[in-house]
Structures are given as structure tokens and as C-alpha cells.
Amino acid sequence: MAAARAVARGPGADARRPPSLPAARLPRLLLLLSVAAAVWPREGGGARLYREGEDAVWLLDSGSVRSATGNSSAAWLVQFHSSWCGHCIGYAPTWRALAADVRDLADWAAAIRVAALDCAEEKNQDVCRTYDIHFYPTFRYFKAFTKEFTTGENFKGPDRELRTVRQTMIDFLQNHTEGTRPPACPPLDPIQSSDILSFMDSHSGQYHAIVFESNGSYVGREVILDLIPYDNIMVSRALDTDKAFLGTLGISSVPSCYLIYPNGSHGLVNVAKPLRLFFSSYLKSLPDVRKKSHPLPEKSNKEENPEVVVWKEFDRAKLYTADLESGLHYLLRVELAAHRSLAGAQLKTFRDFVTVIAKLFPGRPPVKKLLETLQEWLANLPLDKIPYNAILDLVNNKMQISGIFLTSRVRWVGCQGSRPALRGYPCSLWKVFHTLTVQAATRPEALVGTGFEGDPQAVLQTMRRYIRTFFGCKECGEHFEEMAKESMDSVKTPDQAVLWLWRKHNMVNSRLAGHLSEDPKFPKVPWPTPDLCPACHEEIKGLDSWNEGQVLVFLKQHYSRDNLVDTYSVDQGGPGEWEAPGKGQEESEGLNPSGKSWRRHDTESRRPPHIPGPRTDLSKTLHHRLDLRLQSPEGPQARKEAKAVVPFLGVGFSSLDMSLCVVLYVASSLFLMIMYFFFRVRSKRWKVRLYHPAV
């Protein structure tokens with residue numbers, strides 16, 4: 001069947017066949033690919049919510065997070081975030097204020113540190129997957145002196161206001177055992193009345209402050225931590241349970257601070273307001289109370305020079321291939337990387353999403369070919385669990401399959417922002433989703449044979465499950481799910497699906513207008529604007545309203561293949577990729593619709609993607625790569641994944657091809673067995689004929 005299909009399609013139709021490549025050269029080529037991926041410049045990089053030298057937040061990355069949080073003398077609270085996540089952008093001022101409150105203002109850093117790690121940076125995707133980060137922001141506590149690797153403890157506070165998080169940090173410090181408590185952190189448990197009396201009699205030569213408070217108060221513990229870096233003073237806390245003892249000290253209300261002086265005298269501290277700031281400031285101003293001389297530990301990493309982003313002029317009326325392809329790159333190589341493996345409902349969601357996008361994505365031929373190859377592989381995979389690295393190998397074309405490509409660089413055009421952290425991926429994802437709904441409405445035949453034919457909600461429901469399962473911004477996903485529950489079931493036609501997504505996108509724009517994630521250069525206003533679609537707007541009784549019939553016409557034109565522009569798209573060049581030829585090559589190589597030809601960088605194979613070449617020995621290639629992975633530091637995990645990677649041999653082969661191989665193998669075995677028995681019988685007959693018994 002597979003061979004017949006290839007003949008029917010004609011020469012060059014089987015573009016999935018890999019070009020000829022000696023197996024001995026593959027390790028060197030894979031190494032070159034890895035190095036190229038590591039050093040290849042990524043346009044639009046350097047987007048950060050927190051800046052070294054400007055914010056009190058400790059910045060961690062893939063190279064520093066383990067060494068910083070492992071066996072540390074201080075505890076850590078790390079926010080794993082994504083710089084494109086709107087909720088993370090909105091929460092950034094609170095996180096900066098928290099870090100400043102407990103570090104610059106109060107100097108808790110010797111006991112606990114507030115840090116951040118950006119999972120949107122591609123260099124951090126592996127470590128975010130290792131720490132099992134699926135949604136943003138995710139908050140994790142790491143105890144001091146933890147020798148074994150741990151993914152940390154989730155922050156489970158009722159809210160994420162500054163005071164709540166700070167109080168939860170105190171609870172976390174208090175949960176340390178005596179042997180694992182940070183050395184700089186004094187005891188936080190309340191002392192007894194008898195202890196206070198002994199302090200009064202000891203004449204220790206230093207100040208001793210006791211904060212009396214109720215059981216649910218955090219003032220005492222906050223003051224204790226505020227005074228960590230100061231000499232010649234000790235702070236403790238006591239509860240207000242012994243009313244008689246409080247009466248003898250003259251304490252009529254809590255919180256109150258009682259001070260024992262170095263000479264043994266003692267008395268109640270008088271401050272304007274019984275608040276943490278007033279108590280801490282008073283104690284720090286006492287005579288002979290001075291800050292310790294040893295400096296705080298240095299930050300764990302230096303600020304990299306931010307990458308300069310060059311502004312690209314673009315037409316707002318056009319849809320740019322670069323935005324769609326950059327969105328796919330981030331989706332497949334970064335966002336999906338948060339999952340070590342896909343199984344069960346997750347795997348089904350991903351399969352359905354890839355099926356829909358492979359059939360409807362209107363991009364350049366090599367990108368469409370990659371999506372089709374991924375969809376065919378997932379459809380024929382007889383497993384209910386696959387490791388993410390197997391998907392990544394196919395997306396990166398590690399098997400050197402001819403004619404497939406996906407950019408490994410982010411290049412935003414219509415989705416570029418005035419600052420790197422704004423717009424970008426969320427904008428591109430909206431564009432991808434709108435494009436899919438429009439393509440499903442204008443090309444319903446594309447979904448025939450997928451199980452989605454005739455379902456007007458196919459794209460919306462697949463998109464809904466993808467957002468719920470994989471989209472990193474959890475709060476954004478919850479908002480989308482609420483909108484879906486409310487009205488998605490009312491969609492009865494493909495055109496209604498197009499309009500439903502448009503309405504909900506405008507609802508999101510309205511909700512986020514004025515939010516910190518809004519780009520001032522691209523304010524969130526109802527779209528399309530009157531200058532883009534005058535016919536979409538009309539006035540009824542003095543109020544602006546939508547002409548949804550004209551909106552549908554506009555959307556179908558705007559998100560059509562004819563409106564897709566390849567300007568600024570990444571050249572498909574480099575090892576194993578396709579690129580535009582140099583001058584003088586146009587005449588000898590086939591041109592794509594945009595006027596560029598697809599050319600192999602490999603000197604041994606300069607065939608355009610429609611010319612098939614001999615198959616590479618995939619078996620030797622794959623087993624060599626698996627051996628390398630098993631010898632890597634991730635060996636144990638790689639062994640678990642190895643079985644799931646083996647089905648990768650099926651790339652480029654249909655299930656019928658594999659069945660024929662099995663049949664031929666069995667037939668060959670039977671033939672050899674028959675020949676064996678035939679010659680064995682003949683040998684016995686010859687022995688009988690030549691045997692002459694003695695008389």
C-alpha cells in the first residue's frame with residue numbers, strides 16, 4: 001500500500017524519506033547540531049521581569065538554581081515564572097516589594113532568600129521540567145541544608161498578597177528542625193514566663209527584647225528576623241496567655257515590647273504604634289546596637305547584557321508567518337518541555353491538537369511537512385506513554401528526515417512588543433487559534449478522516465483542552481475555561497466558532513486593559529479597529545456596535561493563507577535545514593511560492609525536499625543515540641524512556657511497511673527451517689545407502 005501510494009503520487013512524493021547519510025558521520029553531525037542550537041542567536045531574547053542591580057530578587061537560572069538551593073545555609077523561596085505570562089507580569093511588583101521588604105529593608109537574606117527563575121528562557125526549559133513546573137507562576141520553598149535533590153515544597157497560602165507570603169515564609173522557617181534551621185535564624189518559638197525572669201537575673205551585657213503578642217500574631221517573629229544582622233541585641237517572643245505575669249510587667253495590650261537593658265534594668269518600650277516597623281526601628285536605634293560587619297553573601301549570578309531588539313516595521317492588516325512559526329517553536333520546544341512525558345489524557349490532548357494543526361496550519365511547506373510527520377508518528381505510535389525528548393527529537397529533525405523544518409529562533413513581527421516581556425507568545429498563540437478556526441470554516445474537507453469532520457466545535461474544544469492541560473499561565477487558562485463553560489456549547493456551525501473565539505478574545509482584551517501586561521504601544525482595544533475594518537462598525541442609537549456579518553468576512557480574509565506574509569521569516573538554513581540560495585542558484589533549483597528555493601546545507605545532499613534519497617540506517621543511528629543517552633548523567637531516566645523512544649524507528653514507515661517487514665522475517669525463518677530439515681533428511685539417506693554391513 002505504501003509503495004503503491006508513492007508510485008501513484010509520482011517521483012519525489014515521499015518527502016519524508018531521509019537523505020543518504022553514512023551512519024559513521026551521524027555522531028559528528030548531531031554534535032554540530034547541538035552546538036549550533038546552543039550558540040544560534042535568538043531574536044527577542046533577554047525579556048525579564050526582574051533585573052539584577054535594580055530589584056532585590058535573586059535571579060536564578062539553569063546553571064545556578066541547584067547549587068543555590070542545595071545544601072544552602074539559608075532557606076529559599078523561588079518563583080518559577082514566565083516573562084510572557086500576563087499574571088506573572090501583574091504580580092511582579094508584589095514580588096519585587098516582597099524581596100525588598102525581607103532583604104533590603106529587613107535583611108532576612110541570611111535566613112531566607114526571595115528568588116525568581118524565568119522558564120520562558122529556553123536555556124531554563126530543562127531545569128523547569130526537572131522541577132516539575134507546569135503552570136506560572138509556581139512558588140517553591142527549599143529548606144536549608146538539603147543534601148538530596150528536591151523539587152521543593154509548594155506555596156499553598158490562601159492568597160499571594162505580600163503580607164500572606166511573608167507570613168508563610170516565617171511558618172516555613174519555623175518548620176525547620178533544630179539541626180536544619182539556618183544558622184542565622186534565631187529561635188522563633190515563644191518563650192515562657194520563667195525564661196523571661198531568668199533573663200532579667202542574668203545580666204548578659206546585651207539588650208534583650210521580648211515581644212508579647214497573641215497566638216496568631218506574626219509581629220514578634222518579624223521583629224526577630226528584622227534584627228538578624230544586628231549585634232548586641234537578642235529578640236524573643238512570648239504569648240499573652242499568662243495575664244497575671246503581663247500585669248506585673250505593666251503590659252495592658254498586645255503586641256507590646258518589653259526591653260531588658262545590658263545593666264539589668266528593664267521596662268516597657270513606648271512607641272507611637274504597636275507595629276512591626278516601629279518596634280524594629282526603635283530597637284535598631286538603641287545605643288551600641290550596630291549592624292554586623294560581615295557582608296551578605298553575593299548574588300548567585302551576574303546580570304547578562306540584555307540583547308538589543310531591533311524594531312521591525314510591519315503592516316497591521318497582514319498576518320506574518322514569522323509570528324505563527326515562532327509560536328509553534330515556543331509551544332513545541334519550550335511550553336511542552338514542562339512535561340517529562342505525556343500519557344493518558346495529556347497524550348490524547350496533544351495528539352488531537354497536533355492532528356488539527358497539521359491539517360489546518362497554512363504555513364510554509366517544510367513546516368507543514370514537519371507537523372504532518374509528527375501527526376503521522378503520533379497516530380501510529382502503539383504506546384500510551386511517550387517521553388517528551390522523543391517528541392523533541394522529531395521536532396528538531398534529529399533523524400535527518402528530508403524536507404521538514406521548524407525555526408529554532410523567536411522572531412516576533414506583528415506580535416513584537418515595545419519591551420521584550422510584552423506580547424510575544426500569547427499574541428502568537430491567539431493568532432494561531434484564530435487561523436485554525438478560520439481554516440476549519442473555509443476548508444472543512446481538511447479534517448476528513450481525522451474523526452473531527454462535521455464537528456463545528458472541533459477546533460475550539462481541542463484548543464480548550466490544550467489550554468487547560470499545557471498552557472503555562474494557570475490563571476489565564478482558568479479564565480478561558482470559565483468562558484468555554486459559559487457558552488462554547490452554543491456553537492453550532494464553523495462560522496459561529498470563528499465568531500465565538502473573536503468575541504472571547506475581545507472580552508480578554510477588555511479585562512486586561514490597563515493591566516501591567518498591557519503594552520502601551522499596543523493598547524488592548526476592541527478589535528478589529530475601525531481603520532482596519534470600517535464595515536465591521538456601525539452606530540445604533542448613538543452607540544458603537546458590531547456588524548458581525550462583516551466581522552466574519554474580515555476574519556476569514558485576515559486569517560487566510562492569501563494574507564500570510566513571509567517577510568521577516570527565519571531563513572530555513574543551517575545544518576539539516578533549508579535556506580534561500582545565493583545569487584545564480586535560482587535557475588537550477590525549484591522555487592517555492594514565495595520565490596525562494598529550499599536548499600540543503602549538507603554538501604553531500606543538495607536535493608530540494610521533493611526529491612527522495614536513499615534511507616539512512618535508522619536502526620544503527622537510533623541505537624547509537626540511545627547508547628549515548630544511557631551513558632549521560634540522566635542515565636537512569638534515559639533507561640526508563642529508551643523503550644518509548646524505540647518506536648521512533650517508525651518515522652517515515654507506515655504500519656503496513658512494518659507489517660511487511662515482520663511477514664518477510666517470519667517467511668525467511670520458515671524457509672531456513674525447511675532447508676535445514678531437508679538437508680538433514682538427505683544426509684541420513686546418504687548414510688544408509690553408503691553403509692555396508694559386514695558378513
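What counts, and at which threshold
Note that residues are indexed from 1 along each chain, following the sequence as it is written. Only residues with pLDDT of at least 70 get local features here, since the model is predicted, and only at 80 or more are side-chain atom pairs given and counted; chain-wide, interface and lining totals rely on the full set of residues. With hydrogens and water stripped out, all remaining heavy atoms of the structure feed into the side-chain values. UniProt positions are given in the numbering used here, feature names are shortened, and annotations may be inferred rather than shown by experiment. Each residue gets one of three labels from its accessible area relative to the maximum for its type: buried under 20%, exposed over 50%, partly exposed in between, using a 1.4 Å probe on protein chains only. Each helix is a run of H or I in the DSSP string that is no shorter than four residues. Each strand is a run of E no shorter than two, and both are numbered from the N terminus. Residue contacts are counted whenever heavy atoms from the two residues lie within 4.5 Å of one another. Paired strands, in this sense, are two strands between which DSSP finds at least two bridges. Geometry of aromatic contacts follows a simple scheme: Phe, Tyr and Trp rings, the Trp one being its six-membered ring, pair when their centres are within 6.5 Å, and the pair is stacked under 30 degrees between planes, edge-to-face over 60, tilted otherwise. Whether a charge sits over a ring depends on NZ of Lys or CZ of Arg being within 6 Å of the ring centre and within 35 degrees of the ring normal. Put simply, a salt bridge is a Lys or Arg side-chain nitrogen that is within 4 Å of an Asp or Glu carboxyl oxygen. Criterion for a disulfide: a pair of cysteine sulfur atoms within 2.5 Å. Put simply, a patch holds well-exposed residues, over 30% relative accessible area, that have no salt bridge, with like charges counted together within 9 Å and Val, Leu, Ile, Met, Phe, Trp or Tyr side chains within 5 Å. Surface accessibility follows the Shrake-Rupley procedure with a 1.4 Å probe radius. Residue values consider only the protein chains on display as shielding. Helix axes are fitted to C-alpha atoms over the stretch in contact, other axes to C-alpha atoms as well, and angles between N-to-C directions run from 0 to 180 degrees.

If you check an unreviewed UniProt entry, the protein appears there as Sulfhydryl oxidase from Apodemus speciosus. The Catalytic activity (unreviewed entry) comment attached to the protein in UniProt states, word for word, "2 R'C(R)SH + O2 = R'C(R)S-S(R)CR' + H2O2". The Sequence similarities (unreviewed entry) field of the UniProt record for the protein holds the comment "Belongs to the quiescin-sulfhydryl oxidase (QSOX) family."

K.L.:
How do you make sense of helix 8 (residues 219-226) when you look at a structure like this?
P.N.:
Working note: α-helix, 3.6 residues per turn, so residues spaced by three or four point in the same direction. In terms of burial, helix 8 is a largely internal element, eight of the eight residues being buried. Listing the buried residues of helix 8 in full gives Val-219, Gly-220, Arg-221, Glu-222, Val-223, Ile-224, Leu-225 and Asp-226. Residues of helix 8 that are buried sit in contact with helix 6 (162-174), strand 6 (207-213), strand 7 (230-231), strand 8 (233-239) and helix 10 (276-284).

K.L.:
Teacher, can you tell me more about the sheet that holds strand 4 (residues 138-142) here?
P.N.:
To summarise the sheet geometry, strands pair through backbone hydrogen bonds and adopt either a parallel or an antiparallel arrangement. Taken in spatial order, the five strands make up an open sheet running 1-3-2-4-5, and their pairing is mixed. The two strands at the open ends of the sheet, each matched to only one other strand, are strand 1 (58-60) and strand 5 (153-154).

K.L.:
Explain the packing of aromatic side chains here, please?
P.N.:
One pair of aromatic rings is described through two measures. These are the centre distance and the angle between the planes. Going through the model one piece at a time under the given rule, you end up with 28 aromatic pairs. For the ring pair Trp-95 and Phe-139, a centre distance of 5.1 Å and an interplane angle of 50° mean the geometry is tilted. With Trp-95 in helix 4 (residues 86-105) and Phe-139 in strand 4, the pair connects residues that are 44 residues apart, well separated along the chain. When its relative accessible area of 0% is taken as the criterion, Trp-95 is described as buried. Residues Phe-314 and Tyr-320 carry aromatic rings whose centres are separated by 6.3 Å and whose planes lie at 85° to one another, so their mutual orientation is edge-to-face. Classification of Tyr-320 by relative accessible area gives buried; the value is 6%. Taken together through their ring pairs, the aromatic side chains of Tyr-91, Trp-95, Phe-139, Tyr-141, Phe-155 and Phe-172 make up a single cluster. Above the plane of the ring of Phe-149 lies Arg-66, whose end atom (NZ or CZ) is 4.5 Å from the centre. Sitting over the face of the ring of Tyr-218, Arg-221 holds its NZ or CZ atom 4.2 Å from the ring centroid.

K.L.:
Help me out: how do you make sense of the pairing of strand 4 in this one?
P.N.:
Most of strand 4 sits inside the fold, with five of its five residues counted as buried. The two faces of strand 4 match: Thr-138, Arg-140 and Phe-142 on one face and Phe-139 and Tyr-141 on the other face are all buried. Examined bridge by bridge, strand 2 (residues 75-81) and strand 4 share five bridges and lie antiparallel to one another. Across the sheet, Val-78 pairs through a bridge with Arg-140, a residue of strand 4. In this sheet, strand 5 lies alongside strand 4 in antiparallel orientation, the contact comprising two bridges. Within the sheet, the bridge partner assigned to Arg-140 lies in strand 5 and is Asn-154.

K.L.:
Is there a simple way to explain the pattern of salt bridges in this structure?
P.N.:
Close approach of charged atoms allows side chains of opposite charge to pair. Under the criterion given, the structure shown has 20 salt bridges. For the salt bridge of Arg-276 with Asp-226, the shortest nitrogen-to-oxygen distance reads 2.8 Å. A residue pair is termed long-range when its members are at least 10 positions apart, and Arg-276 in helix 10 and Asp-226 in helix 8 qualify at 50 residues. Residue classification places Arg-276 among the buried positions, given a relative accessible area of 13%. Across the pair Lys-556 and Asp-495 runs a salt bridge whose closest N-O atoms are separated by 2.8 Å. Of this pair, Lys-556 sits in helix 19 (residues 548-558) while Asp-495 sits in helix 18 (residues 494-512), placing them 61 residues apart in sequence. A cluster of three or more residues bridged by salt bridges with shared partners is formed by Asp-101, Arg-166, Glu-222, Asp-226 and Arg-276.

K.L.:
Help me out: how do you make sense of the state of the cysteines in this one?
P.N.:
The final tally for this structure, using the stated rule, is four disulfides. Two residues, Cys-415 and Cys-427, share a disulfide whose sulfurs are 2.1 Å apart. Where Cys-415 bonds to Cys-427 through sulfur, the torsion about that S-S bond is close to -75°, and the disulfide is left-handed. With Cys-415 in the loop between helix 14 (388-395) and helix 15 (425-442) and Cys-427 in helix 15, this pair connects stretches of sequence that are 12 residues apart. Take Cys-415 and Cys-427: they sit in the same class, and that class is buried. Across a sulfur-sulfur distance of 2.3 Å, Cys-473 and Cys-476 are joined as a disulfide pair.

K.L.:
Could you clarify how one ought to interpret unusual backbone geometry in this entry?
P.N.:
Leave glycine aside and you will find that most residues have negative phi; peptide bonds, for their part, are mostly trans. A cis amide bond links Val-254 to the next residue, Pro-255, at an omega of 0°. Structurally, Pro-255 can be placed in the loop between helix 9 (243-249) and strand 9 (256-260). For the peptide bond that leads from Trp-527 to Pro-528, omega is 5°, which places it in the cis range. Locating Pro-528 in the fold gives a position in the loop between helix 18 and strand 15 (537-540). Positive phi is not limited to glycine here, since Asp-132 has a value of about 60°. As for its placement among the helices and strands, Asp-132 is situated in the loop between helix 5 (125-130) and strand 4.

K.L.:
Sorry, what's going on with a nonpolar patch on the surface here?
P.N.:
Taken together, Tyr-665, Val-666, Leu-670, Met-673, Tyr-676 and Phe-677 make up a surface patch of nonpolar side chains, about 670 Å² in accessible area. Looking at the secondary structure, you find Phe-677 in helix 22 (residues 655-690).

K.L.:
Would you take a moment to explain the pairing of strand 3 (residues 112-118) for this structure?
P.N.:
Strand residues, when the strand is regular, have side chains that alternate between the two faces of the sheet. Counting buried positions along strand 3 gives seven out of seven residues, so the element sits mostly inside the fold. The alternating pattern of strand 3 places Ile-112, Val-114, Ala-116 and Asp-118 and Arg-113, Ala-115 and Leu-117 on opposite faces, both of which are buried. Taken together, the three bridges between strand 1 and strand 3 define a ladder with parallel strand orientation. From the neighbouring strand, Leu-59 faces strand 3, where its bridge partner is Ala-116. Pairing between strand 2 and strand 3: seven bridges, direction parallel. Of the residues in strand 3, the one forming a bridge with Phe-80 is Leu-117.

K.L.:
Explain the sheet that holds strand 10 (residues 266-268) to me, please; I cannot follow it from the model alone.
P.N.:
In spatial order, the strands read 8-6-9-10; together these four strands make up an open sheet with mixed pairing. What marks the edges here is a single partner per strand, and that holds for strand 8 and strand 10. Looking at each pair of strands side by side, their axes are set apart by 20° on average, direction ignored. In this structure, strand 6 lies alongside strand 9, joined through five bridges in antiparallel fashion. Residue pairing for strand 9: Ala-209 is matched across the bridge by Leu-259.

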